[in-house]
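What follows is the residue order along each chain.
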Amino acid sequence: MGREVTFRVFRGEPDEDGVPKGELVDYTVEMDEGMVVLDVIHKIQAESAPDLSCRWNCKAGKCGSCSAEVNGKARLMCMTRMADIEEETPEGEPVLIKPMQAFPLVKDLVADVSWAYELNKTIPPLTGPEEKDWVFSQEEADRVQEFRSCIECMLCVNTCHVLREHNMFDEFAGPRFFVRLADLEMHPMDAGDRLEMVKDDLGIGYCNITRCCTDVCPAGINITDNAIIPLKERVVTEYYDPLAILAKKLGLRK
Amino acid sequence: MTDVRNHQYDVLVIGAGGAGLRAAIEATRDGASVAVICKSMLGKAHTVMAEGGAAAALANKDPRDSWQTHFRDTMKGGKYLNDWRMAEIHAKESPDRIRELEQWGAIFDRIPPGLKGADGKPLKAGTISQRNFGGHTYPRLAHIGDATGLELIRTLQDRGIHSGMDVFMEYTVRRLFTTDGRVSGCFAYNRADGTLHTFQGKTTILATGGITRCWAVCSGSWEYTGEGHALAYWAGAEMGDMEFVQFHPTGMIWPPSVRGILVTEGVRGEGGVLTNSEGERFMFNYVPEMYKNEFADTQQEAQAWVDEVIADVTATQRRPPELLTRDVVAKAINSEKKAGRASEHGGVYLDISWRDEEQVKKKLPGMYHQFKELAAVDITKEPMEVGPTAHYVMGGVKVDPVTQESSVPGLYAAGEAATGLHGANRLGGNSLTDLLTFGKRAGEYAAKAAAETDGYLEISQTDIDAVVAETLAPLNRQEGENPAKVVEDLREMMQEKAGIIRTGALLEEALADLDELEARGEKTAPGGGRIYNPGWHQALEISAMADISRMCALSALAREESRGAHTRDDFPVPDRSHWGKVNSVIWLEEGEMKIRHDPCPPISAELRALLDASDLSEEE
Ligand SMILES: Cc1cc2nc3c(=O)[nH]c(=O)nc-3n(C[C@H](O)[C@H](O)[C@H](O)COP(=O)(O)OP(=O)(O)OC[C@H]3O[C@@H](n4cnc5c(N)ncnc54)[C@H](O)[C@@H]3O)c2cc1C
Ligand code: SF4
Ligand code: SF4
Ligand code: FES
């Protein structure tokens, strides 16, 4: 018999008011070499709980489906190695697995992230020149490619206190969408202007640069320093910098 | 009476990968109302996993490239079983599909300043760069590091959500309905809340991707159970070339939990070398006759090519044999294993660590992380261990090359779900431009046909009742096996008996085993309710997996030769006189799976002149 591990997994569904109702259930499975957290969940499904819900697709950190909270920290289950989890879990304690807590619950480990899809629809798309074969340098591409590597896992959104603790989903776009907006605003060929939206509807001012989002991003995007702060600076220049406002009035800037 | 909700749309698109989204964008552009129905969430489809790039003869990186050369490479790689008309359309239209994607927001890697082409003239800096890949004569793959699929799907997703399509996420389609011989709609259940739905559509596009989950070692996600292929087959559509399943030569093999995960061909394109346990660079021993003139025969020459690639100058040397087509490399690895020269965990070594550390991290960031995080291997310092993994199905729904309509009126197919472009073996990078080129065409022609149709066809209530009963049946069974066990056994069986090297005897066993597995599948009991119940979903997938596996085994048994991705130990050589000239066709008739072989469509003299004359004379 090989080494065993016990997972304490949230099982439950929301009640009529959307409040999660459920319990933590212990499952013990035998470990194989090189397992990740998602493998353990799959083993639990195969051995004892076929109806245990979790999302996953690629099992390679590319699709951003398998987000959950492992020992209280938001991570991709498919990229979290059991070797590391066993090291961080105190001797004799089970590994705690919960769905992302900032989002409404669907069931067990599955969270309802439809908010993100709705919000995305409100962001005006790229507007570039009609002519084909665009020309720009790799340096210009690099800046935006960092943002393009987002896998929409929503771990950053789940972690940001503005959303998680203050529940400001209607006023604040959250880190994922500031990454998307930075991508559009810094695209070398884009002619659109979304700054007013960033300031008003998307509430960038609520971000107080705690960098918690950056810490959990599995794509390694420097969300706060490279996306949010530059967007904040652009908003300040556009709306609060007296010289810029004067220049705009005089028709010197767009 | 179970509650079933009905929806009506001009065009139904099943699948939201590259093919489905591109089709939906085109159909809405033509004014149709469009429903996109997909098993997982938007932006998560399999396409997101594509790594290396999208092949299109833009000729940015090497001005010698042209659609004619791309066409020739595709046909040659497919061992001439491709539908030449699709290969022609693909080679001609791919560059425009890539340029258009750029205008929709995709940021491909760029050509740096100061590069010169083969003719000594400078290349245009700042245009889309292209990389080398197996079987492509020139650097042809537009790419974004090794995350090209993510860029493609995100771009189409962000474009799509502004085009007016309605997306039904986490809905699994279980049946296509036909009314008087025409596809009239489909049945689906919502995975998240267990509700049941019928969709009426004037036309339906199947863009459901591949089937490789039927094998134990595969690079695919849970979605690849082949339901899409089965839907078409059950609706009466003709399925082609189902014996051709591509095993990608380089999947991860260690630790066991990552077995099958893809290691992009880009590693070899960037100079990665394959060695056996004796340290020998074995690919030099496996260059087939038809490629002898195009590949290096010494390590020095191969290295000279890699040096040119690293220096970003136009290659003048012949390329390393590691870049032979996938069927050749996968079989070579298999032979090395058989000869007792496998690596520690039963594969071979792939080594890129001789290159500069920073360059490896920049060119192959995904691979660097994948090995570091999942296998605790630093690829900048040590070799990877790799082995073949089931990766792509060349076979699928037979379609009209121009309109993408199947043999069932009103049903269209595009992307991996359709067949024709790739013949007996797909070239890397040709799938992503396949999705764009034929996704667009399917959307265009399906919308056109919908516009010419008045009203919706009635769906028979008997048909609806039958599929509802069948869908809910697993939940009503109190006692029975865990569906996961049946699926696991099926996958292990296919790996062993219908895998990379096949024999008649094993394939016959596979067919018999499938009957047994299917019967077991009908008796599983997942337990639980209708809300997000993966056990129930899996129980429902088994019948599709069984039929898909059967198609593959049956057509593999019939083809008594070895060609491209299909290798028969009992018929090890290609048979040019007969098998080299026919495509297999499978269809359902009165509850039975039938097979026949049709002659490949005759190729026009003009296009034939583009092909490799020496291969063709061999093919006679
Ligand atoms: C790891 C990996 C790397 C690859 N790299 C490359 C590469 O570099 N270049 C290249 O050209 N190709 C590559 N390929 C191949 C290529 O990615 C796929 O062939 C291609 O993405 C398939 O796209 P698709 O649009 O046909 O289907 P998919 O992207 O697979 O989408 C299928 C869609 O259908 C839906 N669906 C399926 N069944 C149902 C159902 N029953 N009901 C409802 N919805 C359903 C799914 O939810 C999904 O939305 C790679 C493949 C893999 C696995
Ligand atoms: S930096 Fe801003 S967006 Fe990120 S977690 Fe902190 S408050 Fe939220
Ligand atoms: S920015 Fe990072 S953490 Fe946030 S959704 Fe994208 S990949 Fe996930
Ligand atoms: S399953 Fe795709 S990121 Fe984990």
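No experiment lies behind these values; they were computed from the predicted model shown.

Broken down by element type, chain A carries eleven helices and seven strands. Judged by the C-alpha coordinates and their principal axes, chain A covers about 75 × 40 × 30 Å. Counting the 254 residues in chain A, one finds 54% classified as buried. Within chain A, contacts between residues separated by at least 24 positions form 62% of all contacts whose residues are at least 6 apart in sequence. Across chain A, the 29 positively charged side chains and the 46 negatively charged ones have centroids separated by 4 Å.

What follows deals with the packing of helix α1 (residues 18-29) of chain B against helix α4 (residues 148-160) of chain B. All names here are of chain B. The N-to-C vectors of α1 and α4 enclose an angle of 25°; their axes lie 10 Å apart at closest approach. The orientation of α1 with respect to α4, classified from their angle, is roughly parallel. Considering only the axes of α1 and α4, their crossing is left-handed. Residues Gly18, Leu21, Arg22, Ile25 and Arg29 of α1 touch α4, and the partners they reach there are Leu152, Ile153, Leu156, Gln157, Arg159 and Gly160. Here the contact of α1 with α4 is built from residues that sort into five nonpolar, three polar and three charged.

Let us now look at the domain arrangement of chain B. Residues and elements named next belong to chain B. For chain B, the assigned domains are domain 1 (4-247 + 391-451), domain 2 (249-389) and domain 3 (472-575). The distance between the C-alpha centroids of domain 1 and domain 2 comes to 27 Å. Facing the 35 residues of domain 1 at the interface are 34 residues of domain 2. On the domain 1 side of the interface with domain 2, the three residues burying the most area are Glu51, Asp146 and Phe247, jointly 21% of the side's total. Connecting domain 1 to domain 2 are five salt bridges. Ionic pairing is found between Glu294 and Lys76, a salt bridge with its closest N-O pair at 3.6 Å. Of all the elements in the fold, those that place two or more residues in the side of domain 1 that touches domain 2 are α2 (67-77) and β10 (245-252). Counting residues per element, the side of domain 1 that touches domain 2 draws most heavily on α2, which supplies three residues. Considered class by class, the residues forming the side of domain 1 that touches domain 2 number ten nonpolar, 14 polar and eleven charged.

Turning our attention to the interface of chain A and chain B. Taken together, the contact pairs 61 residues of chain A with 61 residues of chain B. In this assembly, chain A and chain B are joined by eight salt bridges. Between A:Lys132 and B:Asp96 there is a salt bridge, with its nearest N and O atoms 3.8 Å apart. Counting the contacts that link chain A with chain B gives 41 residue pairs in polar contact (both at pLDDT 80 or more). Breaking the side of chain A that touches chain B down by element, the ones donating at least two residues are α1 (37-47), β6 (105-107), α3 (114-121), α4 (138-148) and α7 (174-185) of chain A. If you tally residues by element for the side of chain A that touches chain B, the top one is α4(A), at six residues. Split by residue class, the side of chain A that touches chain B holds 29 nonpolar, twelve polar and 20 charged.

All names here are of chain B. Here helix α3 (residues 84-103) is 20 residues long and its end C-alpha atoms lie 29 Å apart, about the 28 Å a rise of 1.5 Å per residue gives. At Glu93, α3 shows its maximal kink, close to 40°; a proline, Pro95, follows between one and four residues later. Most of α3 sits out of view: 16 of its 20 residues are buried. Just downstream of α3, Gly105 is the residue with a positive phi angle, here 120°.

A few words now on the sheet that holds strand β1 (residues 4-14) of chain A. Hydrogen bonding along the main chain pairs the strands of a sheet, whether they run parallel or antiparallel. Residues and elements named next belong to chain A. One open sheet holds the five strands; their spatial order is β2-β1-β5-β3-β4, and the pairing between them is mixed. Either end of the sheet is taken by a strand with one partner, and the two such strands are β2 (20-30) and β4 (73-76). Sheet twist, expressed as the average angle between the axes of neighbouring strands with direction ignored, equals 30°. Taken together, the three bridges between β1 and strand β5 (residues 95-98) define a ladder with parallel strand orientation. When the sheet's bridge partners are listed, Arg8 is paired in β5 with Leu96.

Residue and element names in this part refer to chain B. Taken together, 39 residues lie around ligand 1, and Thr47, Gly52, Glu223, Tyr224 and Glu416 are the ones closest in. The contact in question runs from an oxygen atom of ligand 1 to an N or O atom on the side chain of Thr47, over 2.5 Å. Arg426 places a side-chain nitrogen or oxygen 3.3 Å from a nitrogen atom of ligand 1. For ligand 1, whose free accessible area comes to 1000 Å², the fraction covered by protein is 99%. For the shell around ligand 1, the secondary structure elements donating two or more residues are α1, β2 (34-38), β6 (171-179), β13 (384-393) and α11 (430-451). By residue number, the principal contributor to the shell around ligand 1 is α11, which donates four residues. Residue composition of the shell around ligand 1, grouped by class: 16 nonpolar, 17 polar and six charged.

Thresholds applied
- Residues numbered from 1 in each chain as written.
- Chains lettered and ligands numbered in written order.
- Predicted model: local features only at pLDDT ≥ 70, side-chain atom pairs only at ≥ 80, totals over all residues.
- Heavy atoms only, no water.
- Helix = DSSP H or I, 4+ residues; strand = E, 2+ residues; numbered from the N terminus.
- Buried < 20%, exposed > 50% of the residue type's maximum accessible area, 1.4 Å probe, protein only.
- Contact = heavy atoms within 4.5 Å.
- Lys, Arg positive; Asp, Glu negative; His and termini not counted.
- Charge placed at Lys NZ, Arg CZ, Asp CG, Glu CD.
- Axes fitted to C-alpha atoms, helices over the stretch in contact; angles between N-to-C directions.
- Parallel < 35°, antiparallel > 145°, perpendicular 65-115°, else oblique.
- Left-handed = near helix turned anticlockwise from the far one by under 90°.
- Nonpolar A, V, L, I, M, F, W, Y, C, P; charged D, E, K, R; others polar.
- Domains from an automatic or database assignment.
- Buried area = accessible area lost by both parts, 1.4 Å probe.
- Salt bridge = Lys/Arg side-chain N within 4 Å of Asp/Glu carboxyl O.
- Polar contact = N/O pair within 3.5 Å; in protein donor to acceptor, adjacent residues only side chain to side chain.
- Expected span 1.5 Å × (residues − 1).
- Bend = angle between axes of the 7 residues up to and from the residue.
- Pairing = 2+ DSSP bridges.
- Near = heavy atom within 4 Å.
- Areas by Shrake-Rupley, 256 points an atom, 1.4 Å probe, with all protein chains shown as cover.

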